[in-house]
Amino acid sequence: MSYIDDVLAKVIEKNPSEPEFHQAVTEVFESIRPMIEANEEFYKREAILERLTEPDRMIKFRVPWVDDKGQVQVNMGMRVEFNNSIGPYKGGLRFHPSVNQGIIKFLGFEQIFKNSLTGLPIGGGKGGSDFDPKGKSDREVMAFCQSFMSELYKYIGADRDVPAGDIGVGGREIGYLFGQYKKLSGNYEGVLTGKGLSYGGSLARTEATGYGAIYIAEELFKDHGIDIAGKTVVVSGAGNVAIYAIEKAQQLGAKAVTCSDSTGWVYDPEGIDVEALKEIKEVNRARLTEYKKYRPNSEYHEGRGVWQIKCDLAVPCATQNELFLEDAKQLAANGCLAVVEGANMPTTIDATKYLQENGVYFIPGKASNAGGVAVSALEMSQNSERLSWTFEEVDSRLQTIMVDIYHNIDNAAKRYDCEGDYVAGANLAGFEKVLNAMLAQGVC
Ligand code: NDP
Ligand code: 2IT
């Protein structure tokens, strides 16, 4: 058995019941196979793949808190500090009832390569809880966040590990987490990103992931002689990433016609009303059923279904494994030109392969959603120099970073004789930098 297949088999055996982690490792290993096999004995002796797939550490803890009725509730909290070869651990916190160790490990593993692709000095980490913020009062969310941070604060720091938001963690949660960190540590430091603007947050961080996904889509199209203006865009999700992907697509003259949440989806043939969506989701924290009140001519459907709508560009922005082989077939049959992932690993491996083999350009999340963590790193820079940059400055750096990521992954694919395979390009380019840093720093 080759070294790479041997390690993959061991990863699956040693980490049972973690299918998302297996999926992420399998995809990366397939991509870096030519590089590893060209110098197999060396990498094997260095145990590079074992060191890459075993996190530096995993912290798991109990999160007890008291709900509004006086009942004590208990959730699980965790942080995976995966790899800090190129910088302090950096990655979001996810609060969602589906969170488990395999999901946090897949996200932390992906984050290593994504953060490398940004070109900024950040390592890979991720954390979260099975706590569900939905339907909780602000006081309950605060109680949970304070208890979560009472344990997490021991392991994080501005130069050590810098968490941020992800599903279920936005500005409100980051504020409560920051307050508790400050209280316990006594330090006012850039220990979290996605902070409010009055206490160290960066302009354009809220918009960064969605905007970044559309900036890279624009560059992909430009490189292939296509103008994004006038194109129809189908988006899933209705959270932070989806909202700002829709907003940027509309600003560039494209028409985003769908969004979705965990109960249903909206089709608005005239283009999604972003201000209505923000009011429903960011202000009222309500369901998408409300959308029809703002736009009577739109359609609301229960369940899932956005990928059946004819489009030029599809941007999945909800969660992992939400775009399946059947959806890929439908998109390709409808003439979709590109799938650009806003979420982390939203497309299954067989769906990805189908799209690539059927002429649909495909950019993986670790490249296309890297705008969020990139601006988080810019927030860290601003915190370090105790200054804040203008929206235009941050946005312009974000655009440059996304354009650079596109050309970096495109060039890596060309160097390894798989031109147009942006999955391979992203994994190879992301891995190369981490590998160099790991080798330079010795066995540690
Ligand atoms: P939000 O919590 O703001 O929004 C998530 C959206 O996806 C909601 O509309 C949610 O619906 C919907 N959704 C549908 N099905 C599911 C499901 N099974 N599990 C969770 N959500 C579901 O999260 P974000 O927009 O921040 O994150 C979306 C994706 O983008 C995730 O994959 C995340 O890892 C990734 N990402 C986020 C970044 C960021 O900066 N925020 C950066 C890079 C990637 P409902 O409200 O009904 O649950
Ligand atoms: O998946 C991701 O890149 C994020 N949730 C953002 C991480 C960050 O540190 O901003």
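Worth saying up front: this structure is predicted, and the values here are computed from it rather than measured.

Enquirer: I would appreciate a short explanation of the site of ligand 1 in the present structure.
Expert: Surrounding ligand 1, one finds 25 residues, the nearest of these being Asp166, Thr209, Ser262, Arg287 and Asn344. At 3.0 Å from an oxygen atom of ligand 1 is found a main-chain nitrogen or oxygen belonging to alanine 238. A distance of 2.8 Å separates an oxygen atom of ligand 1 from a polar atom in the side chain of asparagine 344. Contact with the protein chains hides 84% of the accessible area of ligand 1, taken as 880 Å² for the molecule alone. Looking at the shell around ligand 1, the elements with two or more residues in it are α8 (205–223) and α9 (240–251). A per-class count over the shell around ligand 1 returns 6 nonpolar, 12 polar and 7 charged.

Enquirer: Explain the packing of α8 against helix α15 (residues 370–385) here, please?
Expert: Helices that pack against each other are described as a pair by the angle of their axes relative to one another and the distance between those axes. Where α8 meets α15, the closest approach of the two axes is 7 Å, and the angle between their N-to-C directions is 145°. Considering only the axes of α8 and α15, their crossing is right-handed. Residues Arg205, Ala208 and Thr209 of α8 lie in contact with α15, whose contacting residues are Gly371, Gly372, Val373, Val375, Ser376 and Glu379. When the residues that make up the contact of α8 with α15 are grouped by side-chain class, the tally is 3 nonpolar, 4 polar and 2 charged.

Enquirer: Looking at this structure, how should I read the packing of helix α2 (residues 19–37) against helix α17 (residues 422–440)?
Expert: The geometry of α2 relative to α17 is characterised by a closest axis approach of 9 Å and an angle of 65° between their N-to-C directions. Put simply, α2 runs roughly perpendicular to α17. When the axes of α2 and α17 are compared, the crossing they make is right-handed. Packed against α2, whose contacting residues are Glu27, Val28, Ser31, Ile32, Met35 and Ile36, the element α17 presents Val423, Ala424, Asn427, Leu428, Phe431, Glu432 and Leu435 at the interface. Taken together, the residues of the contact of α2 with α17 sort by class into 9 nonpolar, 2 polar and 2 charged.

Enquirer: What's the story with the nonpolar core in this structure? I'm lost.
Expert: Considering soluble globular proteins, one finds that nonpolar side chains tend to be buried as a cluster. In this structure, Leu313 and Ile363 are the most contacted members of the largest nonpolar core, which totals 63 residues. By size, the runner-up hydrophobic cluster in this structure holds 40 residues, among which are Ile4, Ile36, Ile112 and Met345.

Enquirer: Could you clarify how one ought to interpret the side chain of lysine 278 in this entry?
Expert: The topology assignment puts lysine 278 in helix α10 (residues 274–283). A residue is classified by how much of its surface remains accessible, and lysine 278, at 15% relative accessible area, is buried. A polar atom in the side chain of lysine 278 sits 2.5 Å from the side chain of glutamate 247. With residues near it in sequence (within four places) discarded, lysine 278 still touches Ile243, Tyr244, Glu247 and Val283.

Enquirer: Explanation requested: the side chain of arginine 33 in the structure shown.
Expert: Its place among the elements puts arginine 33 in helix α2. Of the residues examined, arginine 33 reaches a relative accessible area of 19% and is grouped as buried. Engagement of the side chain of arginine 33 in a polar contact is seen with the side chain of aspartate 5, the distance being 2.7 Å. A polar side-chain atom of arginine 33 sits 3.1 Å from a polar atom in the side chain of glutamate 30.

Enquirer: Explanation requested: the site of ligand 2 in the structure shown.
Expert: Near ligand 2 you find 14 residues, and of these Lys90, Gln111, Lys114, Asp166 and Ser376 are the closest. Within the side chain of lysine 90, an N or O atom sits 2.7 Å from an oxygen atom of ligand 2. Taking lysine 114, its side chain carries an N or O atom lying 2.8 Å from an oxygen atom of ligand 2. If ligand 2 stood free it would expose 300 Å²; the protein chains cover 95% of that surface.

Cut-offs used in this document
Residues numbered from 1 in each chain as written. Chains lettered and ligands numbered in written order. Predicted model: local features only at pLDDT ≥ 70, side-chain atom pairs only at ≥ 80, totals over all residues. Heavy atoms only, no water. Near = heavy atom within 4 Å. Polar contact = N/O pair within 3.5 Å; in protein donor to acceptor, adjacent residues only side chain to side chain. Areas by Shrake-Rupley, 256 points an atom, 1.4 Å probe, with all protein chains shown as cover. Helix = DSSP H or I, 4+ residues; strand = E, 2+ residues; numbered from the N terminus. Nonpolar A, V, L, I, M, F, W, Y, C, P; charged D, E, K, R; others polar. Axes fitted to C-alpha atoms, helices over the stretch in contact; angles between N-to-C directions. Left-handed = near helix turned anticlockwise from the far one by under 90°. Contact = heavy atoms within 4.5 Å. Parallel < 35°, antiparallel > 145°, perpendicular 65-115°, else oblique. Core = buried A, V, L, I, M, F, W, Y, C linked by side-chain atoms within 4.5 Å. Buried < 20%, exposed > 50% of the residue type's maximum accessible area, 1.4 Å probe, protein only.

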